[in-house]
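# Survey of secondary and tertiary structure
As a plain string of letters, each chain reads:
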Amino acid sequence: TILRLTLLMKTTLQKIVTSRLYQATTPGLHYVNKWVYVFLAIFLGGLGVHHFYVGYYGTGILFLILSFTGIPIIIGFIQGIIAVFKTPDMYGRIVV
């Protein structure tokens, strides 16, 4: 039992280290909390708030400028629905 526990701890630690290294060394990928992103995209997507949350400031400003047209509302809603179906990692984060 001690051997199994040690092996389980080792594999768990390897997963955590691998996840952190992958996140830190992969340019262009942003990990965000799934449900915060979904909420922001569906309810405040027309203002681009979900893009600011992820760190895409240029896209967020574009959504904010075009918010009077209604197009960002539709796009934000669709992005929120797509995010609902993404599988989160063990920390509840998704890649956006």
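Residues numbered from 1 in each chain as written. Predicted model: local features only at pLDDT ≥ 70, side-chain atom pairs only at ≥ 80, totals over all residues. Heavy atoms only, no water.

## Section: the pattern of salt bridges
What the rule picks out here adds up to 1 salt bridge. Two residues, Arg 93 and Asp 89, come together in a salt bridge whose shortest N-O distance is 2.9 Å. When its relative accessible area of 15% is taken as the criterion, Arg 93 is described as buried. Taking relative accessible area as the criterion, Asp 89 reaches 23% and is therefore assigned partly exposed. (Salt bridge = Lys/Arg side-chain N within 4 Å of Asp/Glu carboxyl O. Buried < 20%, exposed > 50% of the residue type's maximum accessible area, 1.4 Å probe, protein only.)

## Comments concerning the nonpolar core
The biggest cluster of nonpolar side chains holds 7 residues, and these are Val 32, Tyr 37, Val 38, Ala 41, Val 54, Ala 83 and Ile 94. Looking at which element gives the most residues to this core, the answer is helix α2 (residues 34-44), with 3 residues. Setting aside residues up to four positions removed in sequence, Tyr 37 forms contacts with Val 32, His 50, Tyr 53, Val 54, Gln 79, Ala 83, Ile 94 and Val 96. (Core = buried A, V, L, I, M, F, W, Y, C linked by side-chain atoms within 4.5 Å. Helix = DSSP H or I, 4+ residues; strand = E, 2+ residues; numbered from the N terminus. Contact = heavy atoms within 4.5 Å.)

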